Amino acid sequence: MQSLRSVLGLCLATTTAGFLAPNPPGKYNVTLTTGTLIDYSRNDAYAVSPTPRALMLSVFQPATCASIVSVPYMPNKTAEYQGPFIQQTFNISDDLTPLFLEARLPVCSDHPGSCSPLENRPILLFSPGYSTPRLYYSVIASAIASEGFVVITIDHPEDANIIVYPDGHAVYNNASILDSPTWDNWDRAADASFIVDQLSNATAMAALLPGRGHREFATDRVAMLGHSAGGVAAILAASRDRRIRAAANWDGTIIGSPALPQISQPVLFFTHDPTTDASWLAAWPQLKGPKIVLRVANTTHQSFSDVPSLIVAAGLSTAPFADVVGAIEPAQMVRLLTAYTTAWMDGAFKGREGGPLLQGKEPGRFPEVSVLMKENF
């Protein structure tokens, strides 16, 4: 495989500002706020001493803005850890550190008066893949937010490979839920419910989003999605919390015991494989509401992350790395993930799941997508 470090070194040598990730493609601008919500009722199971569970979040809000600024895609400490991690995971000769270290994300300026976030927007919680930081999905989260959704990406302590907190200290992955995949031991669903609780806590929201003031969010339109293990977490969280009104699983195999609980909320699946995941077939009878499985051609598991978009933004081609990131054009992947996910969530909130796109009646719009299974529309 071509060396990303050497190519990126040449590509970025002429600038100290790095490169800019794609602008959100939707009708709105997007604000970004990062912060922490701490659940003092739960301690981290693997902390050396009793430590309340601290969730690091990125909140993307649709807005109208007078100006756009660029902010670091990841903290340096995260980028310097993530590059070697990806190198080892995919057996790449050189790591991706420059890709993450030099990337900048375009967001609304936080200068007072320069931005007006939209009010009363539906809220989507996003859970990352196993041992993956939430920041790995900021381009996609921003794209979804630009269509009028508040998107909150979540770092789950002990699960993400690295979490860097505002004071600079880092927490690393300590144990794998996949080593003993029982639902009772998986904190992601409880994390989601805690966030929903806090959305209606005006004091907590004022601390997390200082520009918003002492105001709560409405929680009548909250749903959850995620990639890989995060997609499974979305389904599990919805099965336990009726306030989560829909779920979307982006290419996540359902590993857990006992059997997945029954769920009546709508569930959307995306897969990169030519056939339906066997674990989805086993769980299918447990899904009592509207449900659909969509396949995206020319993709891999990593196509559902920001890496392909960052490679192109850095001035490179994804072709040499197709075995890792797929052959689909990254901007098209972001567009289709955004379109199908927002259509699914809109339908769930309105009680009218389906529509031409989800029924496969607009094949010319996204020819890469095919419907493998659907029921209860």
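The text that follows walks through the structure, step by step, so that each part is easy to find. Here the structure is a predicted model, which means the values were calculated and not measured.

1. Overview of the packing of helix α5 (residues 188-199) against helix α7 (residues 229-240)
Line of reasoning, step 1. Here α5 crosses α7 at 60°, and the two axes come no closer than 8 Å. Overall, the two elements α5 and α7 adopt an arrangement that is oblique. Of the two possible hands of crossing, α5 and α7 adopt the one that is right-handed. Contacts between α5 and α7 involve Arg188, Ala189 and Ala192 on the former and, on the latter, Ala229, Gly230, Ala233, Leu236, Ala237 and Arg240.
Line of reasoning, step 2. Residue composition of the contact of α5 with α7, grouped by class: six nonpolar, one polar and two charged.

2. A short note on the pairing of strand β3 (residues 52-65)
Line of reasoning, step 1. With 12 of its 14 residues buried, β3 lies for the most part within the structure.
Line of reasoning, step 2. Bridge count between strand β2 (residues 29-43) and β3: 12 bridges; the pairing is antiparallel. Looking at β3, one finds that threonine 33 is bridged to valine 59.
Line of reasoning, step 3. Sheet analysis places β3 next to strand β8 (residues 150-155), joined by five bridges and oriented antiparallel.

3. Let's talk about the sheet that holds strand β1 (residues 19-20)
Line of reasoning, step 1. Taken together, the three strands give an open sheet; going across it, the order is β1-β5-β4, and neighbouring strands pair in mixed fashion. Across the chains shown, the open sheet's two edge strands, defined by having one partner strand only, are β1 and β4 (68-72).
Line of reasoning, step 2. Bridge analysis of β4 against strand β5 (residues 103-108) gives five bridges, and the strand direction is antiparallel. Counterpart to isoleucine 68 in the pairing with β5 is cysteine 108.

4. With respect to the state of the cysteines
Line of reasoning, step 1. By the definition in use, this model includes one disulfide.
Line of reasoning, step 2. Note that cysteine 65 is cross-linked by a disulfide to cysteine 108, the S-S spacing being 1.8 Å. In this structure, the disulfide formed by cysteine 65 and cysteine 108 twists by about 95° around the S-S bond and is classed as right-handed. Residue cysteine 65 is found in strand β3, and its partner cysteine 108 is found in strand β5; the two are separated by 43 residues along the sequence.

5. Brief notes about the pattern of salt bridges
Line of reasoning, step 1. Applying the stated criterion across every chain yields a total of 17 salt bridges.
Line of reasoning, step 2. A salt bridge links arginine 243 to aspartate 241; its shortest N-O distance comes to 2.8 Å.
Line of reasoning, step 3. Judged by relative accessible area, arginine 243 falls into the partly exposed class, the value being 30%.
Line of reasoning, step 4. Accessibility expressed as a relative area gives 8% for aspartate 241, which makes it buried.
Line of reasoning, step 5. Between arginine 365 and glutamate 362 there is a salt bridge whose closest N-O contact spans 3.3 Å.

6. Section: helix α11 (residues 330-350)
Line of reasoning, step 1. The end-to-end C-alpha distance of α11, which contains 21 residues, comes to 30 Å, matching closely the 30 Å that a straight helix rising 1.5 Å per residue would cover.
Line of reasoning, step 2. Along α11, 16 of the 21 residues are buried, which leaves the element largely enclosed by surrounding structure.
Line of reasoning, step 3. A positive phi of about 75° marks glycine 351, the residue just after α11.

7. Things to note about the packing of aromatic side chains
Line of reasoning, step 1. Counted according to the given criterion, the structure contains 12 aromatic pairs.
Line of reasoning, step 2. Measuring from ring centre to ring centre gives 5.6 Å for phenylalanine 126 and tryptophan 250, while their planes differ by 65°; the resulting arrangement is edge-to-face. With phenylalanine 126 in strand β7 (residues 123-127) and tryptophan 250 in strand β12 (residues 244-250), this residue pair connects regions lying 124 residues apart in the sequence. Each of the two residues, phenylalanine 126 as well as tryptophan 250, counts as buried.
Line of reasoning, step 3. Between tyrosine 136 and tyrosine 137 the ring centres are 5.6 Å apart and the planes differ by 85°, which places this aromatic pair in the edge-to-face class.
Line of reasoning, step 4. Of the residues examined, tyrosine 136 reaches a relative accessible area of 3% and is grouped as buried.
Line of reasoning, step 5. Aromatic ring contacts, followed pair by pair, group Phe100, Phe126, Tyr136, Tyr137, Trp250, Phe270, Phe304, Tyr340 and Phe366 into a single cluster.
Line of reasoning, step 6. The ring centre of phenylalanine 217 lies 3.6 Å from the NZ or CZ of arginine 212, which sits over that ring.

Cut-offs used in this document
- Residues numbered from 1 in each chain as written.
- Predicted model: local features only at pLDDT ≥ 70, side-chain atom pairs only at ≥ 80, totals over all residues.
- Heavy atoms only, no water.
- Axes fitted to C-alpha atoms, helices over the stretch in contact; angles between N-to-C directions.
- Helix = DSSP H or I, 4+ residues; strand = E, 2+ residues; numbered from the N terminus.
- Parallel < 35°, antiparallel > 145°, perpendicular 65-115°, else oblique.
- Left-handed = near helix turned anticlockwise from the far one by under 90°.
- Contact = heavy atoms within 4.5 Å.
- Nonpolar A, V, L, I, M, F, W, Y, C, P; charged D, E, K, R; others polar.
- Buried < 20%, exposed > 50% of the residue type's maximum accessible area, 1.4 Å probe, protein only.
- Pairing = 2+ DSSP bridges.
- Disulfide = S-S within 2.5 Å.
- Salt bridge = Lys/Arg side-chain N within 4 Å of Asp/Glu carboxyl O.
- Expected span 1.5 Å × (residues − 1).
- Phe/Tyr/Trp six-rings, centres within 6.5 Å; stacked < 30°, edge-to-face > 60°.
- Lys NZ or Arg CZ within 6 Å of the ring centre and 35° of its normal.

Bear in mind that shape data such as this cannot, by itself, settle questions of function.
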